[in-house]
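Reading the structure
Each chain, letter by letter, is given below.
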Amino acid sequence: MTAGPSGTLFDGLSAQARPATLAVQGDELCADTGDGAPLRWPLRQVHWPERTRHGQRVLELPGGARWHAASAAEFDAWSAALGRRDGWVVRLQRSWRATLAAVAAVLLLTAAGLHWGVPAAAQALVAMLPASVDEAVGDRVLQTLEQEWFKPSRIAPERQAAARQALQQAVEALPADARGHRPWRLIFRQGSQSLGPNALALPGGTLVVTDALVELLADQPDALLGVLGHEWGHVQHRHGMQGVARAALAGAALSALTGDMGTLLAAAPAVLLQMSYSREFERQADEAAAAVLRAAGRSPAAMVAFFDKLGAIERPEAPPFLSTHPPDEERRRFFEQAARR
Amino acid sequence: MTPSTPDAPLRTLSVRFVGSGSEYFRIWIVNLALSLVTLGLYLPFARARKLRYLYGCTEVDGHAMSFDGNPWVMFRGHVLVWLLALAYAGAQQVSPLAAGVALLVLVAIGPALWCSSLRFRMAHTRWRGLRFGFAGSVGGAYAAAAPAYLVVALMVGIGMLSPDSPAADPKAKAAESVMMAVLGLTALLFPLLLPWILHRAKRYQHGHYAWAGERTRFSAGLGSFYGLALRVGGLSFLVVGALALCIGLLTTLMAGLGGRQGQVGPGIVIFGVLMGLLVLVVQMALKGYVTARLQNLVWNHTASQNLQVRSALPARAMMSLQARNALMLVGTVGLYLPFATIAVARLRLQATAVDAHVDIDQLAGDAAAQSREGAGDAAADVLGVDIGL
């Protein structure tokens, strides 16, 4: 029996440290402590340590006993001579190429996950939610809005009815697969000064248009229909709940990635991600607006007038990556191109 | 066993941390890649490997600690925690009532999970071949968490009771204002109660550690926690005030020099990013201060019959380390994380030592703990929950 590596043995029953040399005999591991017969354990029950550059090699023996190697190099040479190989994960960890590949994989998977994975998972989650959830959420938001931001509309009922009818007819004229089946209702409100000309789509199907917007587009009924179609698009795609689901999933993923260093660091990426998702939703709603206008027999270019009017009003524009909407030029170009199709 | 005496210890066991940032980076990134590829299923195995490395690199008196938790058991706990988190997030979206119910459920089982997690972690940690233990009971966990309960229950209850629409008649309005006042008061009280809640939690944790027949006692009083809270509060106030002043001045300066009204040019964006970075660095530094002072307070008052832990972590060193970590993390899109973890672990561990008033070699394992009897350990192993506080 050739002497194997030397180290310190703890028998798991007392804290006493005893020097011990290891050896393998048949299918047993022996530890020779120098006093008395060597201790033996079945090799099968011994848990071998993974190779690391730093830290002690600790052999886990049955019954809670532990053997610490005096020299990691001596232990590694002995266990290699016994024919023991590193596990596949350890081999990956020790290879610089594998490490670089892992860095690339992590970056790619994270980007892909946040770009495609989260939206897909959010879609699946939202599909499981009944429409009543949307309505409940939308009702609460509307209540808050009615208290703080809205007053009864001053637009004449006939004009309101005309707008409703225009949207209704346009939606019914859509091809069957684009019609959407979510119920909607259109209400008008006088919004506070800071809201300005605005339109909102709430979860559950309530579309709100401010008086200021109606007045702004009084001479452009097609543009108004386009805006209504845009908001209707938000409802049909369930963007409200999608946004909430994506925020929750992305937030969870980001905080899982950043771990305990993290909630502060995860905040900025989370916000940027939310903005990106929001811009995606706005583009989808713009496509719905173009479809609605076409179904009503109008040109999508009518929306250009809307952006013209908006541009005339001084509005601060955030940089593109911090904005909830795509830049106005991009949206204007989309509708011009849609008109040519 | 004789109680610990105030005279000089027989020996002082020094703590050394030999982990390396670059080695831990390789372990971390490979395991993270595997976890992502398996959509998170590999996480408990990654966690077990990380704990093994970190514990294995912690040498107390020249002998490494070891972690031997079974990753498959930790997998069970992992799935359980994820299901709970998902259910809670889902309930939040449905309605405030559902969110309230979900919160109450989490609060109801939280302390049990906490106790189980502590038992699991301790039972699978060894030094010199002897298993650690956690002697706290599940009931003790609930008792320790009780004040936090009251506050949370009060806030949730008021949240659930408050009507959706504003009350019409004056009586209901009065009742509602009373409820809002109580809610507001509770919200204000919560930070004031935090040191008390933390004291109870630490007393439960540090008062029940066991090893080789030793049992720890936690001797820090409530006053010391409030003292620390006051110092942290004072420092935060000063720092945040200075920061706000600094940012305010710089912002007005920028606005004065700035471009056309309403245009957000690249200069303003860069300025915004720099200010954000400054806030992040200051926040991490403050966190470092709290960590250092709390570690010293808690560990200097943790002692068993013959062993006394000492911690002398300088707050300034921790603050500057965390500030550096914040900058590096932002610069490397988070890839610096394992290096930061190792640096923090080294600083924290090497600031501690253990005074032994008895010859360690003479200590023997607690028979009951070593034989793994007792429903507590078994339940801990069934659940395998390791929340990792």
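The structure presented is a predicted model; accordingly, all values stated were derived computationally and were not measured. (Residues numbered from 1 in each chain as written. Chains lettered and ligands numbered in written order. Predicted model: local features only at pLDDT ≥ 70, side-chain atom pairs only at ≥ 80, totals over all residues. Heavy atoms only, no water.)

This part takes up the sheet that holds strand S8 (residues 185-191) of chain A. All names here are of chain A. Read across the open sheet, the 4 strands follow the order S7-S8-S10-S9; overall the sheet is mixed. Both edges of this open sheet fall to strand S7 (150-152) and strand S9 (199-201), since each of them pairs with a single strand only. Neighbouring strand axes in the sheet, compared pairwise and without regard to direction, differ in orientation by 40° on average. As paired strands, S9 and strand S10 (residues 206-210) are joined by 3 bridges and run antiparallel to one another. Within S10, the position partnered with Leu 200 by the bridge is Val 208. Sheet contacts for helix H4 (residues 131-148): S7, S8, S9 and S10; angle to S7, the most-contacted strand, approximately 80°. Along the sheet, helix H7 (residues 221-237) makes contact with S8, S9 and S10, crossing S9 at roughly 20°. (Pairing = 2+ DSSP bridges. Helix = DSSP H or I, 4+ residues; strand = E, 2+ residues; numbered from the N terminus. Axes fitted to C-alpha atoms, helices over the stretch in contact; angles between N-to-C directions. Contact = heavy atoms within 4.5 Å.)

So, about the nonpolar core. Residues and elements named next belong to chain A. Grouped together as the largest cluster of nonpolar side chains are 33 residues, with contacts concentrated most on Leu 167, Leu 186, Val 209, Leu 213 and Phe 306. Of all the elements in the fold, those that place two or more residues in this core are helix H5 (157-172), S8, S10, helix H6 (211-216), H7, helix H9 (263-295), helix H10 (302-312) and helix H11 (328-340). Filtering out sequence-adjacent residues up to four positions away, Leu 213 remains in contact with Pro 197, Asn 198, Ala 199, Val 227 and Phe 306. (Core = buried A, V, L, I, M, F, W, Y, C linked by side-chain atoms within 4.5 Å. Buried < 20%, exposed > 50% of the residue type's maximum accessible area, 1.4 Å probe, protein only.)

With that settled, the discussion passes to the interface of chain A and chain B. Note on interface size: it is often stated as the accessible area lost on association of the parts. With 52 residues of chain A at the contact, the number on the chain B side is 60 residues. Roughly 4,700 Å² is buried in total at the junction of chain A and chain B, and carbon and sulfur atoms are behind 66% of that figure. Connecting chain A to chain B are 3 salt bridges. Across the pair Arg 49 of chain B and Glu 50 of chain A runs a salt bridge, and its minimum N-O distance is 3.0 Å. Between the two partners, chain A and chain B, sit 14 residue pairs in polar contact (both at pLDDT 80 or more). Of all the secondary structure elements, the ones that give two or more residues to the side of chain A that touches chain B are strand S1 (6-10), strand S6 (66-69), helix H2 (88-94), helix H3 (96-128), H4, helix H8 (239-258) and H9 of chain A. (Buried area = accessible area lost by both parts, 1.4 Å probe. Salt bridge = Lys/Arg side-chain N within 4 Å of Asp/Glu carboxyl O. Polar contact = N/O pair within 3.5 Å; in protein donor to acceptor, adjacent residues only side chain to side chain.)

Function cannot be read off these values alone, since they describe shape.
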